[in-house]
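Reading the structure
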Amino acid sequence: MINIVLFGKPGAGKGTQAEFLKDKYNLTHLSTGDIFRYNIKNDTELGQLAKTYMDKGDLVPDEVTIQMLQSEVDKNPQSAGFLFDGFPRTLAQAEALDRFLEAKGQNITATVALEADDNILVARLLERGKTSGRPDDQDEEKIRNRYQEYNEKTAPLMDYYKAQGKFHAVNGIGTIEEVTERLTNVFDSF
């Protein structure tokens, strides 16, 4: 079983690339953002709670995110592996994911980070916000707050996975096809 964590700041192209990678490598794509948006759209209790944080540009607390993700993994017992997109975002989440997978006789195979300049990503998100309807993509201040949260909470995970020999960085700037080719080269090495 292959379990990959896909990292990158909002707008780095994780969702776009995950669509290709899940099909090519027969992985179940678990995007916390998609799962939260589904719950928000359907006005579930989890969705209402997540929305209060997301509307401010804050990350959803670990406890809520971890429970939601464990539920999604458990819904896919026949999966050949998982592509975690947007999770883990904190050291506590990474440790909780490791414990959860170990209890199932699994582990994280590798982590791959899509790297890109903040100013390029802000422009991408503001453009996406014009058509997505997502309020968190329409306000530069909220976007930069999300990047600050990422730098403070998520970036340290790179050291966590580097210490395990599981971290790979990929240039996320270029055409979709160029980035896909870079990712494929890395994935084929697992």
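Residues numbered from 1 in each chain as written. Predicted model: local features only at pLDDT ≥ 70, side-chain atom pairs only at ≥ 80, totals over all residues. Heavy atoms only, no water.

Points about unusual backbone geometry
For the bond from F87 to P88, the omega torsion is 0°, close enough to zero to count as cis. Locating P88 in the fold gives a position in the loop between β3 (81-85) and α5 (91-103). In the Ramachandran plot, N26 falls in the positive-phi region, its phi being about 55° despite a non-glycine side chain. In this structure, N26 sits in the loop between α1 (14-24) and β2 (28-31). In the Ramachandran plot, D43 falls in the positive-phi region, its phi being about 55° despite a non-glycine side chain. With respect to the helices, strands and loops of the structure, D43 is situated in the loop between α2 (32-41) and α3 (45-54). (Helix = DSSP H or I, 4+ residues; strand = E, 2+ residues; numbered from the N terminus.)

Focus on the UniProt feature "binding site: AMP" (unreviewed entry) in the protein chain
Per the UniProt record, "binding site: AMP" (unreviewed entry) is found at T32, R37, D58, L59, V60, G86, F87, P88, R89, Q93, R134 and R146. Look at the named residues: they lie 115 residues apart in sequence, and the longest C-alpha span between them is 25.1 Å, so in the fold they stay spread out. From the list above, the largest pocket is lined by T32, R37, D58, L59, V60, G86, F87, P88, R89, Q93, R134 and R146. Topologically, L59 is positioned in the loop between α3 and α4 (62-74). (UniProt positions renumbered as here; feature names shortened; annotations may be inferred. 1 Å grid on protein atoms, 1.4 Å probe; cavity = no way out; pocket = protein on both sides within 12 Å on 5 of 7 lines; lining within 4 Å.)

What about the environment of D58?
By secondary structure assignment, the location of D58 is in the loop between α3 and α4. Residue classification places D58 among the partly exposed residues on the basis of a relative accessible area of 26%. Each C-alpha atom of the pair D58 and Y150 lies 9.9 Å from the other, and the pair is 92 residues apart in sequence. Sequence-distant contacts of D58, that is, excluding residues within four places in its chain, are made with Y53, N145 and E149. In terms of polar contacts, D58 uses its side chain to reach the side chain of N145, at 3.4 Å. (Buried < 20%, exposed > 50% of the residue type's maximum accessible area, 1.4 Å probe, protein only. Contact = heavy atoms within 4.5 Å. Polar contact = N/O pair within 3.5 Å; in protein donor to acceptor, adjacent residues only side chain to side chain.)

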